[in-house]
Amino acid sequence: MTPTTDPQVFYDDIAVGDHMPTLTVTVDETQLFFFSAATYNGHRIHYDKEWARSVEGYDDVLVQGPLQAALLARAIGDWIGGRGRLVSFSVQNRAVAYPGQSLSFGGEVTGKRLGETGAGLVDLEISGRRDATVLMPGTATVELPRRGAPS
């Protein structure tokens, strides 16, 4: 068996202006149903197309804002690796997404600094998007390991 290692991003190896890898997801109606069930969200706008159209005025059911936020947090977690830590995360839901649309989640490094304990802190401007439309802008701070520092 060949050992596998997940790539770990280090504080020392990133710079302001760098982009984290983009996570691209197409949410389907099954995922909407399960997310609503898991979060006890019974709002019909996420599972009843006729309700979404006739009562709420949308073209289809909507992808939940909290699901979009979870996907954005997943993109950050995938990037920072097992030794990284999400310190802060703040987003706003600004536009709707429908099932079947390709959504992308990512961010850009906007700042770097050492914390009081010497930890490598990285500030990010993050967003969930549908093509050029920003669905969910936000900010995050992550702590990344420094090269040569103990785990």
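Predicted model only: the values in this text are computed from it and were never measured.

1. Focus on unusual backbone geometry
Right, so step 1: Positive phi, normally seen in glycine, also occurs at Y40, with a value near 55°.
Right, so step 2: Its place among the elements puts Y40 in the loop between helix 1 (29-38) and helix 2 (49-54).
Right, so step 3: Although it is not a glycine, D131 sits at a positive phi angle of roughly 55°.
Right, so step 4: Along the chain, D131 turns up in the loop between strand 4 (120-130) and strand 5 (133-144).

2. A short note on the sheet that holds strand 5
Sheets are built from strands paired through backbone hydrogen bonds, the pairs being either parallel or antiparallel.
Right, so step 1: The sheet built from five strands is open, its strands ordered 1-3-4-5-2 with antiparallel pairing. Pairing within the sheet leaves two strands with one partner each, and these edge strands are strand 1 (23-26) and strand 2 (85-91). Taken over all neighbouring pairs, the strand axes of this sheet differ in orientation by 20° on average, direction set aside.
Right, so step 2: In this structure, strand 2 lies alongside strand 5, joined through six bridges in antiparallel fashion. Bridge pairing links V91 to G138 in strand 5.
Right, so step 3: Running at roughly 40° to strand 5, helix 3 (residues 65-80) makes contact with strand 1, strand 2, strand 3 (102-114), strand 4 and strand 5 of the sheet.

Reading guide: rules and limits
- Residues numbered from 1 in each chain as written.
- Predicted model: local features only at pLDDT ≥ 70, side-chain atom pairs only at ≥ 80, totals over all residues.
- Heavy atoms only, no water.
- Helix = DSSP H or I, 4+ residues; strand = E, 2+ residues; numbered from the N terminus.
- Pairing = 2+ DSSP bridges.
- Axes fitted to C-alpha atoms, helices over the stretch in contact; angles between N-to-C directions.
- Contact = heavy atoms within 4.5 Å.

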